[in-house]
Amino acid sequence: MPQWLQAGGWGLLAGSALLIGAAVGWFVPVPRRVLASVMAFGAGVLLSAVSFDLIEEAHRQGGLLATTIGAAGGALAYTGANLLLARRGAQHRKRSSGAQPSEQERPGSGSAIAVGALLDGVPESVVIGASLLAGGPVSLVTVVAVFLSNVPEGLSSAAGMRRAGRSRRYVFLLWTAIALVSGVAAVAGYTLLGDAPVQVTAAITALAAGAILAMITDTMVPEAFEDAHLLVGLITVAGFLTAFALSHT
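Below, the structure is looked at part by part. Here the structure is a predicted model, which means the values were calculated and not measured. (Residues numbered from 1 in each chain as written. Predicted model: local features only at pLDDT ≥ 70, side-chain atom pairs only at ≥ 80, totals over all residues. Heavy atoms only, no water.)

Looking only at helices and strands, the protein chain features 7 helices and 0 strands. The N-to-C order of helical and strand elements in the protein chain reads α-α-α-α-α-α-α. Every one of the 249 residues in the protein chain was classed for burial, and the buried ones make up 48%. Taking the intrachain contacts of the protein chain between residues at least 6 apart in sequence as the baseline, contacts between residues at least 24 apart amount to 84%. Accessible surface computed for the protein chain: about 11100 Å², of which carbon and sulfur atoms make up 70%. (Helix = DSSP H or I, 4+ residues; strand = E, 2+ residues; numbered from the N terminus. Buried < 20%, exposed > 50% of the residue type's maximum accessible area, 1.4 Å probe, protein only. Contact = heavy atoms within 4.5 Å. Areas by Shrake-Rupley, 256 points an atom, 1.4 Å probe, with all protein chains shown as cover.)

Before going further, it helps to spend a moment on the packing of helix H4 (residues 140–163) against helix H5 (residues 168–192). With their axes 10 Å apart at the nearest point, H4 and H5 run at an angle of 155 degrees to one another. When the axis of H4 is compared with that of H5, the two are roughly antiparallel. Both H4 and H5 take part in a crossing whose hand is right-handed. Listed contacts from H5 to Gly-154, Ser-157, Ala-158 and Met-161 of H4 are Tyr-170, Val-171, Leu-174 and Trp-175. Residue composition of the contact of H4 with H5, grouped by class: 6 nonpolar, 2 polar and no charged. (Axes fitted to C-alpha atoms, helices over the stretch in contact; angles between N-to-C directions. Parallel < 35°, antiparallel > 145°, perpendicular 65-115°, else oblique. Left-handed = near helix turned anticlockwise from the far one by under 90°. Nonpolar A, V, L, I, M, F, W, Y, C, P; charged D, E, K, R; others polar.)

Using the criterion set out here, one finds 4 aromatic pairs in the structure. Seen in terms of ring centroids, Phe-27 and Phe-172 are 5.8 Å apart; in terms of plane orientation they differ by 25 degrees. Their pairing is stacked. Here the residue Phe-27 occupies a position in helix H1 (residues 3–27), and Phe-172 occupies one in helix H5, the gap between them amounting to 145 residues. Ring geometry for Phe-52 versus Phe-240: centroids 5.7 Å apart, planes at 75 degrees, classification edge-to-face. You can see Phe-52 sitting in helix H2 (residues 32–86) and its partner Phe-240 sitting in helix H7 (residues 232–247), a full 188 residues away along the chain. Taking the relative accessible area as the measure of exposure, Phe-52 reaches 28% and is therefore partly exposed. Lying across the ring of Trp-26, Arg-162 places its NZ or CZ 5.2 Å from the centre. (Phe/Tyr/Trp six-rings, centres within 6.5 Å; stacked < 30°, edge-to-face > 60°. Lys NZ or Arg CZ within 6 Å of the ring centre and 35° of its normal.)

Attention shifts here to H5. Taking 1.5 Å of rise per residue, 25 residues should cover 36 Å, and H5 covers 35 Å from first to last C-alpha, within 8% of that figure. Of all the residues in H5, the buried ones are Val-171, Phe-172, Leu-174, Trp-175, Ile-178, Ala-179, Ser-182, Gly-183, Ala-185, Ala-186, Gly-189 and Tyr-190. (Expected span 1.5 Å × (residues − 1).)

This brings us to empty space enclosed by the protein. Per the counting criterion, the structure on display carries 2 cavities of 30 Å³ or more. Size it by volume and the second largest cavity reaches roughly 50 Å³. Every element with two or more residues in the lining of the second largest cavity is listed here: H2, helix H3 (109–130) and H4. Looking at the lining of the second largest cavity, the element that brings in the most residues is H2, giving 4 residues. By residue class, the composition of the lining of the second largest cavity is 7 nonpolar, 1 polar and 1 charged. (1 Å grid on protein atoms, 1.4 Å probe; cavity = no way out; pocket = protein on both sides within 12 Å on 5 of 7 lines; lining within 4 Å. Points joined across faces, edges and corners; volume = space filled by probe spheres on them.)

So this is what it looks like as structure tokens:
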């Protein structure tokens, strides 16, 4: 199988977790504390993947300067786009509570939420595709980390969309589209960076890492700690250590 097709398949697999999470969030009345715990675990998984897989790899390939510039650029780009989307009603797109505005309360917020979901998912998928550039197998740690973090993201966001009065058709079309775009973004990560210099690849990897780190703190951590209980910090560390163990097996 061509590697670009493998990249697309792995990206689609990781993105499909959003659809799984959305189905659970829509059909199952998950208690708020359970949602907070699941989101905390997902945040811990992604924090570990960013630290020990993405940033470390970027530093190994391109050195400190390229890694720093890339990560800072990714965080700035994500934060700037997120600020624009927040003004249109997408600030609480991953919140399961009633923080999400309805279309009646904030016209156009549905489209902003859709764009925000896309913004959250693309950097992760690009990294999955880029991990195949060395000619070896995909970075299983990255795929597992993205998959495990996507489940609570889809779950919490779909629960919030339901409370905001959005239709089931809207919710599942949105997450199906994001899953498909995840596959396309993984293909792009593989094909567009295939002939790039090592320094550029390192900077792009770090850029994605910076965007993911900004996304964690902007959208996942607030949901995890909205209904914080005494075990949330411990669960976050458990997610972190799970991904860390996977990266060292």
